[in-house]
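For reference, the chains in residue letters:
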Amino acid sequence: MNVNRRVQTLDEFTIQQLRDFPQATGELSHLLRNIGLAAKRVNVEVNKAGLVDILGDAGTVNVQGEEVKKLDVYANDQLTRVLQHGIACAGIASEELDDFVAFDDAKSVKSKYVCLFDPLDGSSNIDVNVSIGTIFSVYRRVTPIGTVVTKQDFLQPGNQQVAAGYVVYGSSTMLVYATRRGVNGFTLDPSVGEWTLSHPDIKCPERGKIYSVNHGNFFQYDDNVRKYINVCQNKTKADGGPYTQRYIGSMVSDVHRNLIKGGIFMYPGTTDRPKGKLRLLYECNPFAFIMTVAGGKATNGKIGILDIEPTELHQRTPLYIGSKLMMEELETYLAP
Ligand code: P6P
C-alpha cells in the first residue's frame, strides 16, 4: 500500500472549495461538514444494528441505561441536532416529522439555508442487512434573514437547490454530494473517522446496461411503461444490450449504483399508487439534482423532477432517473 498516498478529507475539500471561491462565506461548507458528522454517528449505530438483541430493540433501555431508539428516529435526531447547533441552517424538514422545524434561536434565524432530509431511507431493510441511506437537500431560504423560517422556505422547486447528497451505509460507507460545481464522493476511512475523497467529479455514463424497477408491480404500470420495460428485456448486443435488471429495493443503493455504472431507475405510478411511492422533496429532488449535475436526467414521466412546484412537504411523485441516452429513449415511450 502506498503509505504516502495523499487523500483529501471532506474538511480539506470544502476548505479548498472556499479558497477557490473567495466570495463564498463558508456557511454551506460548514453545513455539509455538519451532515458528515451526523452521518458518521449514524454509521456507528447502523453497523451495530444487527446486534439489536444486545443493544435492545427500540423502546427498551440498553446496558448503559440509555433509551434505545429506532435507527431512523436516531438518525433524524442526529441530523436535526448538528444542524440546529451549527451556524448555517435556519430549519429542517424530515421524512420522520409531520411538519418542518424552524430553529428560532437568535443565531439560527440569521442562517441562510434550510435542509430537508430522509434520515434513513430503506430502514425496513436493516434487519436483513441490506444497504440503507440518508438523503438530503439544501436550499437558500426565501424569507428574510433574521426571521423565523416558514413553510415557503421548504416548498421550493428542486431547481433551486444549492446542494444535495446522500450517504450509503453499505460494504463501505460513502457520502456523495453535489453543488452546481460538480458531484464528489467521499468514502469513510474508519481507521481515522474521516470522509476521504474517493470519487472526484462523478459523471453518470451517458448509457448503461442496467434497468431498475420493481417487476412485482409490472401489471399495475401504464402500457407505455410496460412497453419500455419489454424493450429493456429484449435489448441485444446490436442495440446497446443486453441489459441486466438490478433492483435492491433501497433507493440510495439502486440510484448510487446506476450513477456510477450507468443505468436507469424507475419508480412509476401504479393503479394502487398513481403518484408512485417516492417523496419529491427529500428523495426525488436531491437525486434529480445530483444526477443532472452528473450529466443524467430525471423526470416524473411528463416534466423534469426539478421543475415540479411542490405543494406539500411529503408529496409523492413517479420517478424515472438515470443515464442521459437511456432516459431519452424512455421519454419516447412516455411522451403523451
Ligand atoms: P418497493 C424503501 O422503502 C423505499 O422507500 C426506497 O428506498 C426504495 O427504492 C423503495 O421504497 C422500494 O419500494 O415498493 O419496490 O419495495
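Quick note: structure is the one above.
Remember, it's a predicted structure, so these values are computed and weren't measured experimentally.

A. Structural view of the sheet that holds strand β7 (residues 182-189). Spatial strand order, β2-β1-β3-β4-β5-β6-β7-β8: eight strands in an open sheet with mixed pairing. Unpaired on one side and paired on the other, β2 (101-102) and β8 (194-199) mark the two borders of the sheet. As defined by bridge partners, strand β6 (residues 173-179) adjoins β7 across six bridges and the pair is classed as antiparallel. Its bridge partner lying in β7, V176 is registered against G185. Against the sheet, helix α4 (residues 71-84) engages β1 (89-94), β3 (113-121) and β4 (132-140), with an angle of about 160° to β3. Sitting on the sheet, helix α6 (residues 251-261) is in contact with β3, β4, β5 (161-169), β6 and β8, with an inclination near 105° to β5.

B. Inspection of unusual backbone geometry at higher detail. With omega at -10°, the peptide bond leading from G241 into P242 counts as cis. Looking at where P242 falls in the secondary structure, it is placed in the loop between α5 (223-233) and β10 (244-245). Of note in this structure, N129 is not a glycine but carries a positive phi near 60°. Inspection of the secondary structure assignment puts N129 in the loop between β3 and β4. What makes N129 exposed here is its relative accessible area of 74%. For D201, which is not glycine, the phi dihedral falls at a positive 50°. With respect to the helices and strands, D201 occurs in the loop between β8 and β9 (210-212). What makes D201 partly exposed here is its relative accessible area of 44%.

Scoring rules and cut-offs
- Residues numbered from 1 in each chain as written.
- Predicted model: local features only at pLDDT ≥ 70, side-chain atom pairs only at ≥ 80, totals over all residues.
- Heavy atoms only, no water.
- Pairing = 2+ DSSP bridges.
- Helix = DSSP H or I, 4+ residues; strand = E, 2+ residues; numbered from the N terminus.
- Contact = heavy atoms within 4.5 Å.
- Axes fitted to C-alpha atoms, helices over the stretch in contact; angles between N-to-C directions.
- Buried < 20%, exposed > 50% of the residue type's maximum accessible area, 1.4 Å probe, protein only.

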